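# Summary of structural features
Given next are the chains, with one letter for each unit.
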Amino acid sequence: MRQKIVAGNWKMNKNLEEAKQLIKGIKKEVKNSETEARVIIAPSFVNLNTAIKRTRKSKVEVSAQNMHQASSGAFTGEVSANMLTNLGVNIVILGHSERREYFNETNDLLAKKVDAALENELEVIFCFGEQLEERKSGNHFKVVETQLKEGLFHLGKESFSKIVLAYEPVWAIGTGETASPEQAQEMHAFIREIMEKTYGAEVANDVSILYGGSVKPGNAKEIFSKPDVDGGLIGGASLKPEDFVAIVNAI
Ligand code: PEP
């Protein structure tokens, strides 16, 4: 079943005390909200344990922002899928453009990370999207198709019950420049079309496709009103409870 989802990617923000305050604020706002959407927060690794404990009796779910593809071993500074599930984390964001750009994560590497996540029964929020130059040169559809093919299309159709797609045009992330609702819908419809060609109508209809890139309380409603946009992956605006939950309520 296709789900409405709003996920907040906190990136490298909030120390422990700040994270506790933000979780408290989000829980309070979500409690007062009548939303049927899934509400997910993705704090840094060091705050995951606290987030899991403090959201236990709420509808807020907790995701990690990344993980390593190996199950264990000599990978100093890294975190495995099993470490996440053992902590009670059931979701992981993979392929965020900042991971692709600053940490050289390629589609091939991401395919391995996706496999490791699924083997450990983690749900994956899989991010992809084109650079500004790629859009300007009219290559954005091709780029997105390649990211999906190389990162995900080795999977069998049954895996897609554990995959959420997040289209995030790189030029709209943290820039204040949002894709227009029409641009978002155009790309989301294209993604659903490729999904249908590859996996059939049922998988294509059931997969949730989130939009990410400078979503704010003021523009969320219009973007979420588009038929193929099932919610959002939110960066900057997820760091303030009122803004984040205003976006949740815009669904
Ligand atoms: C993101 O980092 O996934 C994101 C969408 O950021 P922002 O909302 O700040 O553009």
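Along each chain, the written sequence defines residue order, and numbers are assigned to residues from 1. Owing to the predicted nature of the model, reporting of local features is limited to residues with pLDDT of at least 70; listing and counting of side-chain atom pairs is limited to 80 or more, with chain, interface and lining totals taken over all residues. Here the side-chain values reflect all heavy atoms present in the structure, with hydrogen atoms and water set aside.

### Structural notes on unusual backbone geometry
In this structure, Lys-14 takes a positive phi of about 80° despite not being glycine. Summary of the burial criterion: residues with accessible area below 20% of their type's maximum are buried, those above 50% are exposed, and those between are partly exposed, where the area comes from a 1.4 Å probe applied to protein chains only. On the basis of relative accessible area, Lys-14 is assigned to the partly exposed category, the value being 28%. The residue Ser-214 is not glycine, and still its phi comes out positive at about 55°. Helix and strand assignments come from DSSP, with helices taken as H or I runs of at least 4 residues and strands as E runs of at least 2, each series counted from the N terminus. Note on placement: Ser-214 falls in the loop between β7 (209-212) and α10 (217-224).

### Comments concerning the UniProt feature "active site" (unreviewed entry) in the protein
UniProt positions are given in the numbering used here, feature names are shortened, and annotations may be inferred rather than shown by experiment. The positions UniProt marks with the feature "active site" (unreviewed entry) are His-96 and Glu-168. Spanning 73 residues, the named residues nonetheless gather at one spot, since no C-alpha pair among them exceeds 8.3 Å. Under the relative-accessibility criterion, His-96 is labelled buried at 5%. Whether two residues touch is decided by their heavy atoms; if any such pair falls within 4.5 Å, the residues are in contact. Ignoring sequence-local partners within four residues, the contact set of His-96 consists of Asn-9, Lys-11, Cys-127, Glu-168 and Ile-173. The residues touching Glu-168, leaving out its near neighbours within four places in the chain, are His-96, Cys-127, Phe-128, Gly-129, Glu-130, Ile-173, Gly-212, Gly-213 and Leu-233.

### Some thoughts on the packing of α10 against helix α11 (residues 241-249)
At a minimum axis separation of 8 Å, α10 and α11 run at an interaxial angle of 20°. The orientation of α10 relative to α11 falls into the category roughly parallel. For α10 against α11, the interelement crossing comes out right-handed. Contact with α10, carried on its side by Pro-217, Ala-220 and Phe-224, involves Asp-243, Ala-246 and Ile-247 of α11 and no other residues of that element. Side-chain classes are defined by residue name, with Ala, Val, Leu, Ile, Met, Phe, Trp, Tyr, Cys and Pro counting as nonpolar, Asp, Glu, Lys and Arg as charged, and the others, Gly among them, as polar. Looking at the contact of α10 with α11 residue by residue, the classes come out as 5 nonpolar, no polar and 1 charged. Fitted lines through C-alpha atoms give the axes, limited to the stretch in contact for helices. The angle between two N-to-C directions lies from 0 to 180 degrees. If an angle is under 35 degrees, it is roughly parallel; if it is over 145, roughly antiparallel; if it lies from 65 to 115, roughly perpendicular; otherwise it is oblique. Crossing handedness is read from the near helix: turned anticlockwise from the far helix by less than a right angle, it gives a left-handed crossing, and turned clockwise, a right-handed one.

### Digging into α10
Burial in α10 covers these residues: Asn-219, Ala-220, Ile-223 and Phe-224. Along the axis of α10, the buried residues cluster in a sector spanning 130°; they form a single face. Pointing more than 90 degrees away from the buried face of α10 are the exposed residues Gly-218 and Lys-221. Of the surrounding secondary structure, the elements contacted by the buried residues of α10 are β1 (5-9), α8 (181-199), β7, β8 (231-234) and α11. The arc in question is formed by the directions pointing from the helix axis toward the C-beta atoms.

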